[in-house]
Every structure is written in structure tokens, then in C-alpha cells.
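Report on the structure
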Amino acid sequence: MPSLQFLLTAFVVVIAPGTGVVYTLAIGLGRGRRASVWAALGCTLGIVPHLLAATLGLAAVLHASAVAFNVVKFAGVAYLLWLAWSALQGGGAMRVEPRREDEAGWVTARRGALINILNPKLSIFFLSLLTPFLSGEPATVTRETLLLGGVFMAMTFAVFVLYGLFAATARDWLLASDRAMRWLNRGFAAAFAALAGRLALERA
């Protein structure tokens, strides 16, 4: 069973505002409750490759290879800048609008997954987050890593769903104001652009 210390550490990490939180809030405001759950699911599934990388030792390889790290990093930067741009464009994927055609849930989830997949820091983060809570027994390290990672993912999904539902609840009130919508879209665009800038400055 995961220790209380791990659960508290993971909870603090999960609730901290980041790219996934911003994305889930934007989807909740723009498309409502159902879409926000898909967004939370996508962001959670985007953790899987990084968890596997940490388990298999690939995170250390990524950390050692500046080229591999930068390729993934700048792909992530470009993707976040595209999300920022789409928040400002009429009919853009991230734009908050009162009336719009809904998109398939898997499309919303895929976009959320890519946000995490294209962040190379997550693999290194998982390696550093999980290692202190492992027993140190070589025979059980893989099982323990997957267990702790699974708990982290479950916590991520639950918290992100709550963020999304909160945003969806405020949707009707905010969409009644054209001024509020304008500032929301500018705010989300600025947030994604700032996150892209922060990612661009990250080093392996």
C-alpha cells in the first residue's frame, strides 16, 4: 500500500495548476461537463508513456541525451503555442464560445494526452518522484513503481474531473457575458503561451 507521505506528496503535485489543469478548465468552460471528463481522461492517459519510461529506465536515457530531450521539448512548445493560437481564433479548438458543435470525446482526450506526452520533463519527474518511496528491493521495484504510478494517475483523473466540473458549472454564467468570454480566451491563450515559454527554458 502507498504510504501516507506518498499520497500527500502526490496530492500536492496533482492539485498544483499546470498545463493539464489549464486544458481541463478550458474544455469545461468551452464544452461542458462531459467534455471536461474526456479532457481529464486524456491528460491522465498522457502520463502512461512517462510512467513506463521511468519504470524501464528510459527517463535516465532521455535525461542524458540532450538531442532527444530537445526534440520532444520543442514539439511540446510548438503544440502549446498552437493551443494558445486556437484559443484566439473563431471556431478554434480551445476557444470558449456559447454555441459550437461538440467534438468526439476521443479527440478531446487525444489533445489532452499529447499535452503530457510532449513534455519530456514528466519522465524525469516520475523518476525523481517515485524513487524515494520504493523499498529498494530489486525483485519488487517494477511492481512498486507501477502501483505508485497507478495511484498517481487515479488521483490525477479524480482531481482533474473536479476541476472540469467546477469550470462547467461556471460555464452558463460566464458565457452570458461577451466581455467575460473575450477575457477568458485571452487568458487561456496567455496561459498556454506562458507554459510554452516555461517548457522552452527547461533543461534535461
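Sequence positions are assigned chain by chain, starting from 1 and proceeding in written order. Two thresholds apply to this predicted model, a pLDDT of at least 70 for residue-level local features and 80 or more for giving and counting side-chain atom pairs, whereas whole-chain, interface and lining totals are computed over all residues. Hydrogens and water are ignored here; the side-chain numbers use all heavy atoms of the structure.

**Remarks on the overall build of the protein**
For clarity, the cut-off: Numbering of helices and strands runs from the N terminus, with a helix taken as a DSSP run of H or I at least four residues long and a strand as a DSSP run of E at least two residues long. Within these notes, the globule rule equals 2.2 Å times the number of residues to the 0.38 power, and the radius of gyration is based on C-alpha atoms. Contacts between residues were defined by any pair of non-hydrogen atoms, one from each residue, lying within 4.5 Å. Each accessible area is a Shrake-Rupley result for a 1.4 Å probe, and residues are judged covered by the shown protein chains and nothing else.
Looking only at helices and strands, the protein features 10 helices and 0 strands. Taken over the C-alpha trace, the protein has a radius of gyration of 18 Å; the compact-globule value for 204 residues is 17 Å, and the two agree within 12%. If one aligns the C-alpha atoms of the protein with their principal axes, the spans along those axes are about 60 × 35 × 25 Å. Taking contacts inside the protein between residues at least 6 apart in sequence as the whole, the part at least 24 apart equals 82%. For the protein, the accessible area works out to roughly 10,400 Å², and carbon and sulfur atoms hold 69% of it.

**Remarks on the packing of aromatic side chains**
We count it as follows: Between 30 and 60 degrees the pair is tilted, below 30 it is stacked and above 60 it is edge-to-face, where a pair is any two Phe, Tyr or Trp rings, Trp via its six-membered ring, whose centres lie within 6.5 Å.
Evaluated as defined, the whole model comprises 5 aromatic pairs. Summarising the aromatic geometry, the rings of Phe6 and Phe133 are spaced 5.2 Å apart at their centres and angled 75° between planes, so their arrangement reads as edge-to-face. Taken together, the residues span a long stretch of sequence, with Phe6 in helix H1 (residues 4-15) and Phe133 in the loop between helix H8 (121-130) and helix H9 (141-175) at a distance of 127 residues. Arranged with centres 5.9 Å apart and planes meeting at 25°, the rings of Tyr79 and Trp82 form a pair that is stacked.

**Quick look at the pattern of salt bridges**
Once their charged atoms are close, side chains differing in charge can pair, the charge on each being opposite to the other. Let me state the cut-off plainly: Each reported salt bridge corresponds to a side-chain nitrogen of Lys or Arg within 4 Å of a carboxyl oxygen of Asp or Glu. Note on classification: 1.4 Å probe, protein chains only; a residue is buried when its accessible area is under 20% of the maximum for its type, exposed when over 50%, partly exposed between these limits.
Under the counting rule described, the total for this entry stands at 2 salt bridges. With its nearest N and O atoms 3.0 Å apart, the salt bridge here joins Arg111 to Glu103. For Glu103, a relative accessible area of 17% gives the class buried. Among the charged side chains, a salt-bridge network with shared partners connects Arg31, Glu103 and Arg111.

**A look at a nonpolar patch on the surface**
We count it as follows: Here the term patch refers to residues with relative accessible area over 30% and no salt bridge, with like charges joined within 9 Å and nonpolar side chains (Val, Leu, Ile, Met, Phe, Trp, Tyr) within 5 Å.
A surface patch of nonpolar side chains, about 830 Å² in accessible area, is lined by Trp38, Leu41, Leu45, Val48, Leu52, Leu56, Leu58, Trp106 and Leu146. Mapped onto the nonpolar patch, the elements with two or more residues apiece are helix H3 (33-45) and helix H4 (48-56). Note on placement: Val48 falls in helix H4. Overall, the relative accessible area of 30% leaves Val48 in the partly exposed class.

**As for the nonpolar core**
Definition in use: Residues grouped as a nonpolar core are buried Ala, Val, Leu, Ile, Met, Phe, Trp, Tyr and Cys residues, joined through side-chain atoms within 4.5 Å.
Core analysis: the largest hydrophobic core is formed by 47 residues, its most contacted members being Tyr23, Met94, Phe188 and Phe192. At the level of elements, H1, helix H2 (19-31), H3, H4, helix H6 (66-88), H8, H9 and helix H10 (178-201) are the ones that each hand at least two residues to this core. Here this core gets 10 residues from one element, more than from any other, and that element is H9. Apart from the residues lying within four places of it in its own chain, the contact partners of Met94 are Tyr23, Ala26, Ile27, Leu83, Ser86, Ala87, Arg111, Asn185 and Phe192.

**Some words on the environment of Trp38**
Within the element layout of this structure, Trp38 appears in helix H3. A sequence separation of 32 residues divides Trp38 from Asn70, and the C-alpha atoms of the two residues are 29 Å apart. Apart from residues lying up to four places away in sequence, Trp38 is in contact with Gly105, Trp106, Thr108 and Ala109.

**Things to note about the environment of Lys121**
Mapping Lys121 onto the fold places it in helix H8. For Lys121, a relative accessible area of 24% gives the class partly exposed. In the structure, Lys121 is positioned 28 residues away from Gly149 in sequence and 16 Å away in space, judged by C-alpha atoms.

**Regarding the environment of Ala78**
As for its position among the elements, Ala78 is in helix H6. Judged by relative accessible area, Ala78 falls into the partly exposed class, the value being 47%. A sequence separation of 115 residues divides Ala78 from Ala193, and the C-alpha atoms of the two residues are 9.7 Å apart.

**With respect to the side chain of Thr55**
Test applied: Polar contacts, as used here, are pairs of N or O atoms within 3.5 Å; protein pairs need one atom able to donate a hydrogen and one able to accept it. Residues neighboring in sequence count only if both atoms are side-chain atoms.
In this fold, Thr55 is placed in helix H4. From its side chain, Thr55 meets the backbone oxygen of Leu51 in a polar contact 2.8 Å long.

**Notes on the packing of H3 against helix H7 (residues 105-117)**
Going by this rule: In this analysis an axis means a line fitted to C-alpha atoms, helices contributing only their contacting stretch, and an angle means the value between N-to-C directions, from 0 to 180 degrees. Helix crossings fall into two classes, left-handed where the near helix is turned counterclockwise from the far one by less than a right angle and right-handed where it is turned clockwise. Here the term charged refers only to Asp, Glu, Lys and Arg, the term nonpolar to Ala, Val, Leu, Ile, Met, Phe, Trp, Tyr, Cys and Pro, and the term polar to all other amino acids, Gly among them.
Interaxial distance between H3 and H7 falls to 7 Å at its minimum, and their mutual angle equals 35°. Handedness of the H3/H7 crossing: right-handed. The residues of H7 that touch H3, namely those facing Ala35, Trp38, Ala39, Gly42 and Cys43, are Gly105, Trp106, Thr108, Ala109, Gly112, Ala113 and Asn116. Looking at the contact of H3 with H7 residue by residue, the class counts come to 7 nonpolar, 5 polar and no charged.

Without other data, these values stay purely geometric and don't point to any function.
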